[in-house]
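So you can see what is in the structure, the chains are spelled out below.
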Amino acid sequence: MKNLKLLVSIGLIVLLTVSISCKTDDTIYIINDTAKLELEFNKGLRGQEISLSLEGSNGENFSEEATFYINGSMIESSVFSSQNIGSYEVFAEYNLAGTITQTPTQNIEIIIPKNKIFLDMVLDRSHGQSPKINSYLKEAKTYSSNIINICWITTRINPDDIDPLTTIEAGYMNNNLGNPSFPSAYINRDGWFSVNNIEDLVTEADGIDSSCTVGISSILNNQSLTIEINVVAEIDMFEYKLVVYLIEDNVIGPQKNSLNNNEASEWFGKGDPIPNFQYNNLYRKSVSNFLGDYMEFTPALTAFTKEFEIDIPNNYNTENLKVLAYITNGEDFIPINSQIANINTKVAFE
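Residues numbered from 1 in each chain as written. Predicted model: local features only at pLDDT ≥ 70, side-chain atom pairs only at ≥ 80, totals over all residues. Heavy atoms only, no water.

### Focus: the overall build of the protein
A tally of regular secondary structure across the protein gives 4 helices and 27 strands. The buried share of the protein, taken over its 350 residues, is 46%. For the protein, long-range pairs separated by at least 24 residues make up 68% of all intrachain contacts whose partners lie at least 6 apart in sequence. Of the roughly 17,700 Å² that the protein leaves accessible, carbon and sulfur atoms contribute 48%. (Helix = DSSP H or I, 4+ residues; strand = E, 2+ residues; numbered from the N terminus. Buried < 20%, exposed > 50% of the residue type's maximum accessible area, 1.4 Å probe, protein only. Contact = heavy atoms within 4.5 Å. Areas by Shrake-Rupley, 256 points an atom, 1.4 Å probe, with all protein chains shown as cover.)

Laid out in structure tokens, this is it:
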């Protein structure tokens, strides 16, 4: 009889343990489903709070039943922040059907954002000096790997035909960049490249800390593209604008080439016109308003998120499409910081 009472008591204790629906100081909730550690962001700024969660295969949130560890030490909540830059290892521990289980380790990197160097390239397919702008970009990238560029085409193929790659937006941008010489390349929408100043302009702008950073992710479903932009800053974002464009690589077309007979040019002997000139990061379409959408006031170290959905025209090659996003301050169209990502990918804060 005593053994029977003991067995009943043990059974009640086990039943009680399994039935508890929240974690207490001395109880670990038993989960009957393999769970996955999810990070709100895998990169963040100093002092930014990053949420951690444990999710089941059907989307259940088991965060209340998990214990989270940073660099091997348990934390008391499901939120992580640090004032120190560096990489931090994160994992969650939970009870899987009676066995204490640890998720695979992931990393969160705390960073000081760096300012991307933003290059606008304005080309004219009927102007023979346009190929040299590609040469300027190639040289600029030898001095920095931190460059984002966009190509604008504003052209007439001949007096009667409008270039199909020309856009109204390209004409607007060229007019507002100042057009000191045409075609042109502009750095951070301030200085412009000449053959003698590329190294100085790029090295001067490279590696500068920024107050904000931009992340991009997108998913393509048939011809419908869903884009999510995340922005976080070390200061309050007030009257900032978010600008988002769709750009395309490897757009092929004829390009007049006055450098065809210049033996010192990489465009020597390529033909005039060059029949299959390759245009990369070519502006295709505005996802936001062309000059940007005002962002709602966002306190420092708080992520601003905005989602867009657009239909991709059939004449765009989805394998070559990218999303370019940048932040400006109000009516000033000079980028504070920017980011670029192939579609169907995710690029974190940098």
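Still to come is the rest of the account.
### Digging into the packing of aromatic side chains
This structure, assessed with the given rule, holds 16 aromatic pairs. Ring geometry for Phe80 versus Tyr88: centroids 5.1 Å apart, planes at 55 degrees, classification tilted. Taken as a pair, Phe80 and Tyr88 share a single burial class, namely buried. On the basis of an interplanar angle of 85 degrees and a centroid distance of 6.5 Å, the ring pair of Tyr136 and Phe193 is categorised as edge-to-face. Placement of the pair is Tyr136 in helix 2 (residues 131-143) and Phe193 in the loop between strand 16 (191-192) and helix 4 (198-205), with a sequence separation of 57 residues. Residues Tyr136 and Phe193 agree in their burial class; the two are buried. In this structure an aromatic cluster arises from ring pairing among Phe118, Trp152, Tyr172, Tyr245, Tyr283, Phe290 and Tyr326. (Phe/Tyr/Trp six-rings, centres within 6.5 Å; stacked < 30°, edge-to-face > 60°.)

### Structural notes on unusual backbone geometry
Cis geometry marks the peptide bond from Asp272 to Pro273, where omega comes out at 5 degrees. Within the secondary structure layout, Pro273 lies in the loop between strand 20 (251-255) and strand 21 (274-279). The phi dihedral of Glu239 is positive, around 60 degrees, even though this residue is not glycine. In this structure, Glu239 sits in the loop between strand 18 (224-233) and strand 19 (240-248). Its identity as a non-glycine residue notwithstanding, Leu301 has a phi of 65 degrees, on the positive side.

### Looking at the packing of helix 2 against helix 4
Each packed pair of helices is defined by two parameters, the angle between the axes and the distance between the axes. Helix 4 packs onto helix 2 with a crossing angle of 45 degrees between their chain directions and a minimal axis gap of 9 Å. Classed by the angle they form, the pair helix 2 and helix 4 counts as oblique. The two elements helix 2 and helix 4 meet at a crossing, and its hand is right-handed. On helix 4, the residues touching Tyr136, Glu139, Ala140 and Tyr143 of helix 2 are Ile198, Glu199, Val202 and Thr203. Class assignment of the residues belonging to the contact of helix 2 with helix 4 gives a composition of 5 nonpolar, 1 polar and 2 charged. (Axes fitted to C-alpha atoms, helices over the stretch in contact; angles between N-to-C directions. Parallel < 35°, antiparallel > 145°, perpendicular 65-115°, else oblique. Left-handed = near helix turned anticlockwise from the far one by under 90°. Nonpolar A, V, L, I, M, F, W, Y, C, P; charged D, E, K, R; others polar.)

### What to know about the side chain of Thr103
Structurally, Thr103 can be placed in the loop between strand 9 (99-102) and strand 10 (106-111). On the basis of relative accessibility, which here comes to 4%, the residue Thr103 falls in the buried class. The contact partners of Thr103, leaving out residues within four places of it in the chain, are Ala35, Leu37, Leu54, Phe91, Ala92 and Tyr94.

### Quick notes on the sheet that holds strand 4 (residues 50-56)
Overall, antiparallel pairing links the 3 strands, which are arranged 2-4-7 in an open sheet. The open sheet is flanked by strand 2 (35-39) and strand 7 (79-80), the only strands paired with a single partner. (Pairing = 2+ DSSP bridges.)

### Here's the deal with the nonpolar core
Membership of the largest hydrophobic core comes to 27 residues, with the highest contact counts inside it found for Ile229, Leu242, Leu246 and Val323. Listing elements by their share of this core, those giving two or more residues are strand 17 (212-221), strand 18, strand 19, strand 24 (304-311) and strand 25 (321-329). With 5 residues, the single largest contributor to this core is strand 18. Discounting chain neighbours no more than four positions away, the residues touching Leu242 are Ile229, Ser288, Gly292, Asp293, Met295, Phe304, Lys306, Phe308, Ala325, Tyr326 and Ile327. Ranked by size, the runner-up nonpolar core spans 25 residues in total, among them Ile147, Ala185, Phe277 and Tyr279. (Core = buried A, V, L, I, M, F, W, Y, C linked by side-chain atoms within 4.5 Å.)

### Comments concerning helix 3 (residues 168-177)
Of the positions making up helix 3, those classed as buried are Ala170, Gly171, Met173, Asn174 and Leu177. For helix 3, the arc enclosing every buried residue in end-on projection is 165 degrees, short of the 170-degree limit, so these residues lie on one face. Of the residues in helix 3, the exposed ones pointing more than 90 degrees away from the buried face are Ile168 and Asn175. Packed against the buried residues of helix 3 are strand 11 (117-123), strand 12 (147-153), strand 15 (184-187) and strand 19. (Arc of directions from axis to C-beta.)

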